[in-house]
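Residue-level structural notes
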Amino acid sequence: MKIVVIQRLEPVLTEELELSDDGRDIDREWIGFALNQFDDQALEQAVLLKESNGATVTAIAIEDEGSDKMLKNALARGADAAFQIPLDADDVESRSSRALAPLYAAAIRTLAPDLVLVGILSNSDLYGELAPYLGAHTGWPQISAVTEVRLAAGKATVRQEYAGGRAARFEVDTPVIIGLQTAMQPPRYVAGSKLRDLLKVQIPELEVDGAPSADMSHGTTLALPDQSAGAVMFDGDADDIATSIHNLLKEKGFVQ
Amino acid sequence: MQTMLLWLVTVGALAVFARRFWLRLAPLSRARAANRTDQPMERLTGALADIGLHRRLLRFTWSGVLHFMIFTSFLVLSTAILQAFGSGLFPGFSLAVIGGDTWIALLQDIFALLMLIGLAMAAWQRFVRKPARFVGSKTGDATLIYLLAGGIVLTMLLEFATAIVMSGAPHAWRPVSTVLSHLLIGTGMTAQSASTAHLVFFWLHILIILTFLIYIPGSKHRHMMLAAFNLYFRPLTPKGQLPPPPTKLAEADTGTVETYQDFTWKDLLDTLSCTECGRCQSVCPAYAAGAPLSPKSLIMDLRDGLLTHEGVIDGDAHLPIIGGAISQETLWSCTTCRACMEVCPVHIEHVPKIVQLRRTMVEDGALEPMLQTAMTNFQSQGNSFGKPAKQRARWTKDLSFKPKDARNEPVDILWFVGDFASFDTRAQELTRMVAELLHKAGVDFGILYDGERNSGNDVRRVGDEGLFELLAQQNIDTLAGCTFNRIMTTDPHSLNALKSEYPALGANYDVMHYAQLLLDLIKAGKLTPRTDAGLTVTYHDPCYLGRYNGGFDAPRDLMAALGHTLKEMPRNRENSFCCGAGGGRIWMDDVVFKERPSENRIKEALELGEITHFVVSCPKDVVMYTAAIQNLGVGDRLAVRDLAELVTLSVA
Amino acid sequence: MTILVLIEHYQGGVADGSLELLTLARTLGGPVTALVLAGSMADVATLAAGLDADTVLAVAAPAVARYASSVYLRSLNAAIAACDPELVLLSYSTAGIDLAAGASVATGREMVAYVTSLTRHGAGFAACSQVYGGKLLATSTLPAQGIAVVMPGAVKAGPRSTGDAPVQTLTVDLGPDGCIRHLETLVPESGGIDLTKAARIVCVGRALGNTDKLPMAEALAKLLGAEIAGSRPVIDAGWLPKPRQIGKSGTKVKPKLYLMAGVSGAPEHLEGMGESELIIALNSDPRAPIFGKAHYGAVCDMFEVMPTLIQKLS
Ligand SMILES: Cc1cc2nc3c(=O)[nH]c(=O)nc-3n(C[C@H](O)[C@H](O)[C@H](O)COP(=O)(O)OP(=O)(O)OC[C@H]3O[C@@H](n4cnc5c(N)ncnc54)[C@H](O)[C@@H]3O)c2cc1C
Ligand code: SF4
Ligand code: SF4
């Protein structure tokens, strides 16, 4: 059983975001990047399957600032191999999931795994999420919003979640692409000693036969929601304030 | 005949004693190495001074005094033991030639009395005063020891007294025994019967001594033999420098602690030397807060676990140690405040053991969820807040000037800002105040901007040695590219790492706390405070400034220079009470604390009455105590003030 | 040219999100086709009853009796091919995630997701979306024949139609046995409190004082369909259980509505709720830090405002 798990870096959203001058992207200068939290779950699920079913886990990422560190982290966590997919930054107009999906799909075809695990969402999903795109590009079945994956005899059993906490269990043939929401156990902590031991390791590149596809980013502008500093204050006595709040709740559709 | 018999029992008892002792010491020979034999003179003088002056013991007056009485009496009375055995085993042996019948006899008599008084005080302490620190100690063991020791002294005195009755004349050098002999005569003892009694008491004396001897290796009174060694082998590295994990013996060696042999021999010696006095327990903030940690029980549990494992005592030997003898919760409860180590009379090293066991948990990934988030943040962003490194210096945005980037230009003082001071919104205000003060005083200083990483002080104490090394090395590399004279920080945790931990990695700096710098600036006239608006304040010594690095005076002198009146809390300086944030606790769920140490501390301050301000000198303390005051709802009575705020208000 | 809307359903009921899509399609103008997949034509008829659509396109087969991504995707692709819609609307649900991108590649259409508002724009549409965890708004132009995935609640569902739309059957090759086979449906266990799932939260701070006033806060929460929560001092005092603590050492939440009373807004608290979509704060102190974070606020005595608000809501 071969598992490929995709690892993506994402802007850390704990701070206020700022926009680039043309308003088409966020200002990446002041922002930090960290592993997408769902990809974190996907990695954990992959390692759990390795432990329970003896699979081999290969982590892949698109080459970018910090991607090698991220992949070393995946190795420290239990991945058996890791590759970076080279991408000439000048060639890409957009880094949306839609745009990059063909590259990942090409890598998947090269690695020919039985199972692909990727986080269900990312911040760059405006034009669709990665897992279903991978399904479309590879022609493999795809299932997203998955919270459990078990393996047995060439088949996977997965649990898919719906609104309101409902869920269903499916049996799927491999190869399959899974958009993972949560792993069956929270991501484990990897001791710094393992990271330190990997400090000198080189993450190899994986040349793939594919190019980013187009998306609609050229026709998209970003804006900060209108959030003038501080709260809009309601004045008056208790009754006035209650009325204002009531009206606000009505206006926002919380009450009739 | 008697001589033969005495030889027989003595040699027999010694053999049993030696075997019992060896059974307990043998595991040390199989444990990991520890280098504790360097600087023999320093070790010897320190140990002798500690023993002779009872420095640490006397911090607890009653117990200190009584121990001193028993201890000195024991030394003096060992001459009597020598006399008893010497004369019995080698007929004709006598100390009389050197004064055994004169001044030595007098001393023996006096100290016998002292010993009895000391024992009575000890019993009074244990059975009547019952300080909480004895909770968890073995009372039966202590009681037996009192009885045996009392028995030895009493039989000795009775032996002397019967001898006096036999001789028919008072002994000029044995006042106590003489008085006793009169009592015996009063009960109708004759010279004849005294001679039988003398023999009986002699044998009783001998037998109790030998019983005591056999008993000791299995008792906490082992410390009579081991304490001196434990003092001698005490760590001489800086207090703020944790011992590294053990060097791996083989490739497969994980360097973690699963079983007792994975500790160093000194760790095991520690457990065997513990006197169960509970001093450590009485000062431990985690214990006081109701957390499942008592440093005393920790040491006792490790000892009992070791002895069970060795088959010396009965019980189930649970391995691995974590989850067996010691629970995970116990290990995570420690704030690494070092109060226990500071007070332990035999210099037992609790914190290194706790951290070594934490390292084992970290290696297994067994971290509680909140701690894991913080630690993962360190790995990805270099700070616990999970904020991008690029935003570390954002606090400088609102300054009236732009601090120098020490990576680009030489500075006199390199300011290592630290995580809390950089990222916490409350602490940031104080950070800005310090910056403005330095600017105003014309100090040539700079910061590392996004080149700084968390110092790793608390990461190391959480037990992630690898991550500590990664963080420390990044800082050391960055600092290597800067030109500066001294490092200043407001954060005692960073201070400890830079000053005490980094030297072990080959990086040595001149590090100072901002209290010292501000004080120097005032003394040099660079800042002129007004001193007519003095407040009545109390001051909290941060563990990593005070206990760990001896920074007790600068903050106090600074407050005095500002005209404030300091009322000390009962627990101050070396005995300061930790706020509960150290050792990574600030990133853990504090439900283990039934009463948060910080709130306990605020209550202590409120007890002082009349004070209006609770002064701190650590960014974490600002956060911890502000929250504590909010939680207790006493904001109208007490306000937290950082030293930087006091100075700013005063020089404005 | 029609607007095609995928209808999701569960246990015989049409999902709210799908009804909202029909209303949105109506607002945009033009004929509306509802795509209904069910186990039999009878089931299709039940589901289609009252749908505000001009045509119902039905796929009836046991394989699509319950949702499964592979057969649904084949059906959706076939439906798009069959009616060549000017716009395909999907709800941002599990199905929406599963299907939109796949259909977009399979049918060669552009797509945009996380849509909160959609209007006609030239020959195509202008879409407004939430991105970066709701921290940014993206405005994009979706050409005609695009696919849009719309956030639930972006529009309010209109009334149900009185008449039934005509049903057209669509025959779809659902593949051999489907490579994704439904095994069982799992319903949530009720019981444990999980505030992370709550869409609305009423949070009280230390100003609550004691449990006497707790019923007041609970009544307000009930009227709003919200969960009750507290700051750390409230949990410390035992007024509310630990799972209801919001903040650094409690639960981190991101509800649509966070109404807070008597909470000062310490960073440790903000850490747990700062990303809530609508924050309304009541506090008696005009300088309380929470007013720097809340969207709306009022300087007031919470014990005066809460009862009045309760009155108005009930
Ligand atoms: C390591 C650490 C972890 C922490 N974790 C958390 C956490 O997870 N969650 C958390 O909440 N806190 C946490 N804290 C505590 C945090 O710092 C604050 O102490 C706490 O959030 C304050 O709670 P509060 O706002 O309810 O109380 P207070 O700060 O005392 O605020 C009460 C507010 O009520 C207002 N008020 C008073 N009377 C009225 C009235 N009649 N009407 C309206 N308003 C009124 C006051 O003006 C005041 O602003 C943590 C602290 C630390 C150090
Ligand atoms: S270091 Fe402090 S918290 Fe830890 S055991 Fe010692 S006294 Fe207790
Ligand atoms: S560890 Fe030290 S202070 Fe604690 S009980 Fe033992 S001897 Fe006493």
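Quick caveat, the model's predicted, so the values are computed rather than measured.

Procedures and definitions
- Residues numbered from 1 in each chain as written.
- Chains lettered and ligands numbered in written order.
- Predicted model: local features only at pLDDT ≥ 70, side-chain atom pairs only at ≥ 80, totals over all residues.
- Heavy atoms only, no water.
- Contact = heavy atoms within 4.5 Å.
- Buried area = accessible area lost by both parts, 1.4 Å probe.
- Salt bridge = Lys/Arg side-chain N within 4 Å of Asp/Glu carboxyl O.
- Near = heavy atom within 4 Å.
- Polar contact = N/O pair within 3.5 Å; in protein donor to acceptor, adjacent residues only side chain to side chain.
- Helix = DSSP H or I, 4+ residues; strand = E, 2+ residues; numbered from the N terminus.
- Domains from an automatic or database assignment.
- Buried < 20%, exposed > 50% of the residue type's maximum accessible area, 1.4 Å probe, protein only.
- Patch = residues over 30% accessible without salt bridge, like charges linked within 9 Å, V, L, I, M, F, W, Y side chains within 5 Å.
- Areas by Shrake-Rupley, 256 points an atom, 1.4 Å probe, with all protein chains shown as cover.
- Phe/Tyr/Trp six-rings, centres within 6.5 Å; stacked < 30°, edge-to-face > 60°.

On to the interface of chain A and chain C, then. Contacts between chain A and chain C engage 72 residues on the former and 64 residues on the latter. Approximately 6,000 Å² of surface area, both sides summed, lies buried where chain A meets chain C, with 64% of it carried by carbon and sulfur atoms. When the area that chain A buries against chain C is broken down by residue, the three leading residues are Leu126, Met216 and Phe254 of chain A, summing to 12%. Linking chain A with chain C are five salt bridges, by the criterion used here.

This next bit is on the site of ligand 1. Near ligand 1 lie 30 residues; those nearest to it are Gln630 of chain B together with Ser231, Ser249, Ser264 and Asn283 of chain C. In this structure, ligand 1 is bordered by residues of chains B and C. For ligand 1, a nitrogen atom lies 2.9 Å from a polar atom in the side chain of Asp301 of chain C. Elements with a contribution of two residues or more to the shell around ligand 1: helix H25 (619-632) of chain B together with helix H6 (232-236), helix H7 (267-273) and helix H8 (302-313) of chain C. Considering each element in turn, the shell around ligand 1 owes the most residues, four residues, to H25 of chain B.

Attention shifts here to the domain arrangement of chain C. When its domains are assigned, chain C resolves into domain 1 (3-169) and domain 2 (195-313). A C-alpha centroid distance of 37 Å is found between domain 1 of chain C and domain 2 of chain C.

Attention shifts here to the domain arrangement of chain B. Residues and elements named next belong to chain B. As far as domains go, chain B holds domain 1 (2-230), domain 2 (235-363) and domain 3 (371-651). Computed from C-alpha atoms alone, the centre-to-centre distance between domain 2 and domain 3 is 29 Å. Taken together, the contacts link 31 residues of domain 2 with 30 residues of domain 3. Buried surface at the junction of domain 2 and domain 3, summed over both partners, amounts to about 2,300 Å²; 59% is from carbon and sulfur atoms. At the junction of domain 2 with domain 3, the criterion picks out one salt bridge. Note that Glu465 is salt-bridged to Arg359, the shortest N-O span being 3.1 Å. Here domain 2 is connected to domain 3 by 17 residue pairs in polar contact (both at pLDDT 80 or more). Elements with a contribution of two residues or more to the side of domain 2 that touches domain 3: helix H11 (285-288), helix H13 (328-333), helix H14 (339-343) and helix H15 (350-363). It is H15 that provides the largest number of residues to the side of domain 2 that touches domain 3, a total of five residues.

Before going further, it helps to spend a moment on the pattern of salt bridges. All names here are of chain C. Evaluation of the coordinates by the stated rule reveals 65 salt bridges over all chains. Of the charged contacts in the structure, one is a salt bridge between Lys254 and Glu275, with a shortest N-O distance of 3.9 Å. Separated by 21 residues along the polypeptide, Lys254 in the loop between H6 and strand E15 (257-261) and Glu275 in the loop between H7 and strand E16 (278-283) bring together distant segments of the chain. The class for Lys254 is partly exposed, based on a relative accessible area of 48%. Take Glu275: its relative accessible area is 38%, and that puts it in the partly exposed class.

A few words now on a nonpolar patch on the surface. A cluster of nonpolar residues, Trp7, Val11, Leu82, Phe90 and Phe93 of chain B, forms a patch on the protein surface that exposes about 460 Å² of accessible area. Mapping Leu82 of chain B onto the fold places it in helix H3 (residues 61-89).

Once that is clear, we can look at the packing of aromatic side chains. Residues and elements named next belong to chain B. Counting across every chain of the model gives 19 aromatic pairs over all chains. Consider the rings of Phe233 and Trp265, whose centres lie 5.0 Å apart with planes at 85°: the pair is edge-to-face. With Phe233 in the loop between helix H8 (223-232) and helix H9 (265-273) and Trp265 in helix H9, the pair connects residues that are 32 residues apart, well separated along the chain. Take Trp265: its relative accessible area is 18%, and that puts it in the buried class. Residues Phe385 and Phe423 carry aromatic rings whose centres are separated by 5.6 Å and whose planes lie at 40° to one another, so their mutual orientation is tilted. With Phe385 in the loop between helix H16 (369-381) and strand E1 (404-405) and Phe423 in helix H17 (residues 419-423), this pair connects stretches of sequence that are 38 residues apart.

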